[in-house]
Amino acid sequence: MSAHTFEVLSRAHNEIVVCHAAEGHRFKFFVITNAHGKKVLSDSVEVVAKEGAAHTPEFFSGSARAFAVTVAHRAHAID
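The notes below deal with the structure included here.

Reading the values: the criteria
Residues numbered from 1 in each chain as written. Predicted model: local features only at pLDDT ≥ 70, side-chain atom pairs only at ≥ 80, totals over all residues. Heavy atoms only, no water. Salt bridge = Lys/Arg side-chain N within 4 Å of Asp/Glu carboxyl O. Helix = DSSP H or I, 4+ residues; strand = E, 2+ residues; numbered from the N terminus. Pairing = 2+ DSSP bridges.

Some thoughts on the pattern of salt bridges
And then number 1: According to the stated counting rule, one finds two salt bridges in the structure shown.
And then number 2: In this structure, Glu15 and Lys28 form a salt bridge, with 4.0 Å as the shortest nitrogen-oxygen distance. Taken together, the residues span a long stretch of sequence, with Glu15 in strand β2 (residues 15–20) and Lys28 in strand β3 (residues 26–33) at a distance of 13 residues.
And then number 3: In the salt-bridge network here, residues are joined through shared partners; they are Glu15, Lys28 and Glu46.

Following this line, the structure appears as structure tokens:
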């Protein structure tokens with residue numbers, strides 16, 4: 001298993017929640033419509049850190065966003 005493996009906890013038309021498989025940090029990304037009328041993930045994210053994890057959630061935030069973007073595209077939640 002990769003150090004940056006995530007799983008989808010929930011997926012809706014307006015949000016995607018992913019969890020880091022090994023350390024348990026949770027990241028909730030929101031789907032918004034930008035100024036050009038395209039659906040994208042917002043820059044804001046809600047993070048729930050897993051107490052006692054070896055790394056902080058920030059360590060995985062870029063990978064979490066990339067995974068969430070892939071999931072959102074596959075679900076046709078974003079453009």
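And the narrative resumes.
As for unusual backbone geometry
And then number 1: With a phi close to 60 degrees, His76 is a non-glycine residue in the positive phi region.
And then number 2: Topologically, His76 is positioned in the segment after α1 (57–74).

A few points about the pairing of strand β4 (residues 39–48)
And then number 1: With seven bridges connecting them, β3 and β4 associate as antiparallel partners. Counterpart to Phe27 in the pairing with β4 is Val47.
And then number 2: If you look at the hairpin formed by β3 and β4, you'll find five residues sitting between the two strands, and Gly37 has a positive phi there, around 80 degrees.

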